[in-house]
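Chain residues, written in single-letter form:
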Amino acid sequence: MGKVQVMEHPLIQHKITCIRREELGSKEFRAIVGEIASLMCYEATRNLKLGDVKIKTPICEMIGKELCGKKLAVVPILRAGLGMVDGMLSIIPTAKVGHIGLYRDPETFKPVEYYCKLPADCGEREVFVVDPMLATGGSSVAAIQLLKEKGVKNIRFMCIIAAPEGVEYMQKEHPDVDLYIGALDECLDEHKYIVPGLGDAGDRIFGTK
Ligand code: PRP
Ligand code: URA
């Protein structure tokens, strides 16, 4: 079973409380989502593989450490996942970026795919799928299914707020995927919004409501 890591870092918890506040405007919301993504990326990359490398400093030769595992990619689920990309890239700037477009049908709550463009060598990369919200899990389960159909084998999923229902569905459908979660909330409401959550992440990032 994939690991589920709920972030305990005080800065992450503090910043999540900031974006939950309904009075926060889009400009600040976007900025803080980016900061949370950076901090979560730092935590989620703790176990990247390191190897020895011989280098020369201005003083002498030494054996240093460098990343030696798979190259990385970040794949946001559009739209709201876009809000996490720059924060991720501030920590892993050489990662390539793919995009998967999905929206949740307001009647059926099922994901509808409308776009997919991935780096050509995505199958050889370690892929971080990012979306601020994991509610029913429909969107993220579908996005990861799509990645697997395109040959991606190493996938991690990162979200800022998750509902228990979404975590359970992800673990059932993709038990090989590690989950990095900023905060695990209580439940979903009748419209499948996360409670207490932060509302519609896409609308809050892009100011569309
Ligand atoms: C939101 C969110 C997730 C999805 C989560 O996107 O960003 O992708 O809902 O819900 P789920 O776990 O029940 O699938 P939305 O469908 O509102 O699209 P948007 O990002 O374009 O606003
Ligand atoms: N999508 C959101 O943006 N927010 C939720 O609470 C659930 C799905």
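Before any of the text, the structure's been laid out above.
Residues numbered from 1 in each chain as written. Chains lettered and ligands numbered in written order. Predicted model: local features only at pLDDT ≥ 70, side-chain atom pairs only at ≥ 80, totals over all residues. Heavy atoms only, no water.

A. Fine view of the site of ligand 1. In the vicinity of ligand 1, 15 residues are found, and the nearest of them are Arg104, Asp131, Thr136, Gly137 and Ser139. The separation between an oxygen atom of ligand 1 and a polar side-chain atom of Arg79 is 2.9 Å. Note that an oxygen atom of ligand 1 is positioned 2.8 Å from one of the backbone N or O atoms of Gly137. Protein chains shield 90% of the accessible area of ligand 1, which is 500 Å² for the free molecule. Of all the cavities here, the one that holds ligand 1 is the largest pocket. Elements supplying a minimum of two residues to the shell around ligand 1: strand E6 (99–104), strand E9 (133–134) and helix H4 (138–149). (Near = heavy atom within 4 Å. Polar contact = N/O pair within 3.5 Å; in protein donor to acceptor, adjacent residues only side chain to side chain. Areas by Shrake-Rupley, 256 points an atom, 1.4 Å probe, with all protein chains shown as cover. 1 Å grid on protein atoms, 1.4 Å probe; cavity = no way out; pocket = protein on both sides within 12 Å on 5 of 7 lines; lining within 4 Å. Sits in = over half its atoms within 2 Å of the grid points. Helix = DSSP H or I, 4+ residues; strand = E, 2+ residues; numbered from the N terminus.)

B. Spatial organisation of the packing of aromatic side chains. Per the counting criterion, the structure on display carries one aromatic pair. Seen from their ring centres, Tyr103 and Tyr114 are 6.2 Å apart, and the 35° between their planes marks the pair as tilted. Separated by 11 residues along the polypeptide, Tyr103 in strand E6 and Tyr114 in strand E7 (residues 111–117) bring together distant segments of the chain. For Tyr103, a relative accessible area of 43% corresponds to the partly exposed category. A cation sits over an aromatic face here: Arg104 above Tyr193, 5.6 Å from the ring centre. (Phe/Tyr/Trp six-rings, centres within 6.5 Å; stacked < 30°, edge-to-face > 60°. Buried < 20%, exposed > 50% of the residue type's maximum accessible area, 1.4 Å probe, protein only. Lys NZ or Arg CZ within 6 Å of the ring centre and 35° of its normal.)

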